[in-house]
Amino acid sequence: VAPAAPCCCLVPVDVAGLVIGRGGSVVQQICKDSGAVINISGEDDTPPSLSDRVVTIWGQAAEKEAACRQVVRITHRWQEVAAGEDGIFVLVVPISATPIINGPQGATLESLCEATGADVRVSPTCVEGTDLQPISIAGDLEQTCAAATRISAILQRLAEHGRLAGACFDPWRPPPPPALAIAATAAERGRSTGARRADQA
C-alpha cells in the first residue's frame, strides 16, 4: 500500500509563527483536532532560495483536509482577508505532478477552477534549487480548501502509482513520529528539539 502523500504549502515566516503558536500550542491543537502530523521547516531544511517556510502535512485525506483548512484560515487572517473575500494560498508539488494537474491543454486545471470557484495557477518555474513547483490558489476559505483538496487527491493517486519521485527537496518522505513533528515546530530552529534529544540518546 502506498503511503499517503503529504500536502505541502509555503507560508511567510510570520504565518509560520502563527501556525506554531506560543510554545507550539497552535500546531499541537491542529494536530490533535485533525489527526494529521505537521512539520514546519526551519532555517536548515528550507531551500536557500525561499524566504518562506514549508508546511508539510501528513495523514489520510480527511486529516490533511482538516489541517490544511486551519493553515489556510491562519494565512488568510494574516492577509487581513474578510470572510467571503479572496486570499492567496500557495502549495508546492513535485514537477512530475504538474502535467497531470494541468491536464491536456490545461483542461484538468480549468475543470478544477470551475468546480471550486478558485483561481488556480501553476508557476512556470520551480523553486530554485529544487524540483518543486508552486501552485497559487486565489479564493475564499471554502474555494481555497476545495482546490487544495482536489490537488492533494491528484498527488495521492500519483503516489499510489509511484510517480512522485525526483524532487531535490523531497517532502515525500515518511512522516516523523508525532512527538518529533511537534517538537520540530516549537520554534524557528536549525535543528529540532527532538533531533537534539535523539543525538544525545
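Up top you'll find the structure we're talking about.
Note that the structure is a prediction, hence the values are computed from the model and not measured.

**Q** Quick question: what am I supposed to make of the overall build of the protein chain here?
**A** When helices and strands are counted, the protein chain shows 8 helices and 6 strands. The order of helices and strands in the protein chain, counted from the N terminus, is β-α-α-β-β-α-β-α-α-β-β-α-α-α. Burial analysis of the protein chain (201 residues in total) assigns 47% to the buried set. Counting only contacts in the protein chain whose residues sit at least 6 apart along the sequence, the fraction spanning at least 24 positions is 68%. Of the roughly 9900 Å² of accessible surface on the protein chain, 53% is carried by carbon and sulfur atoms.

**Q** Is there a simple way to think about the sheet that holds strand E2 (residues 37–40) in this case?
**A** The strands making up a sheet associate through hydrogen bonds between their backbones, and the pairing can be parallel or antiparallel. Spatially, 6 strands are ordered E2-E3-E1-E4-E6-E5 in an open sheet, and the strand pairing comes out antiparallel. Each of the sheet's edge strands pairs with one partner strand only, and the pair in question is E2 and strand E5 (119–122). The sheet shows a mean angle of 25 degrees between the axes of neighbouring strands, direction not considered. Note: E2 against strand E3 (residues 53–58), 4 bridges, orientation antiparallel. Paired with Val-37 across the strands is Trp-58, a residue of E3. Running over the sheet, helix H6 (residues 141–160) touches strand E4 (87–94), E5 and strand E6 (132–139) and is turned about 150 degrees from E6.

**Q** Would you mind showing me how to read helix H5 (residues 107–116) here?
**A** Side chains of residues three or four places apart in an α-helix project in the same direction, reflecting 3.6 residues per turn. Within H5 the residues assigned to the buried category are Leu-109, Leu-112, Cys-113 and Thr-116. In a view along the axis of H5, the buried residues occupy a sector of 95 degrees, so they form one face of it. Against helix H4 (98–102), E5 and H6 lie the buried residues of H5. Where H5 ends, the next residue or the one after it, Gly-117, has phi of about 80 degrees, a positive value.

**Q** Can you help me understand the packing of helix H1 (residues 13–20) against helix H3 (residues 61–78) in this one?
**A** Geometrically, a packed helix pair is captured by the angle between its two axes and the distance between the axes. With their axes 10 Å apart at the nearest point, H1 and H3 run at an angle of 130 degrees to one another. Judged on the interaxial angle alone, H3 and H1 are oblique. Helix-helix and strand crossings are classified by hand; for H1 and H3 the assignment is right-handed. Within the contact between the two elements, H1 uses Asp-14, Val-15, Leu-18 and Val-19 and H3 uses Val-71, Ile-74, Thr-75 and Trp-78.

What counts and how
Residues numbered from 1 in each chain as written. Predicted model: local features only at pLDDT ≥ 70, side-chain atom pairs only at ≥ 80, totals over all residues. Heavy atoms only, no water. Helix = DSSP H or I, 4+ residues; strand = E, 2+ residues; numbered from the N terminus. Buried < 20%, exposed > 50% of the residue type's maximum accessible area, 1.4 Å probe, protein only. Contact = heavy atoms within 4.5 Å. Areas by Shrake-Rupley, 256 points an atom, 1.4 Å probe, with all protein chains shown as cover. Pairing = 2+ DSSP bridges. Axes fitted to C-alpha atoms, helices over the stretch in contact; angles between N-to-C directions. Arc of directions from axis to C-beta. Parallel < 35°, antiparallel > 145°, perpendicular 65-115°, else oblique. Left-handed = near helix turned anticlockwise from the far one by under 90°.

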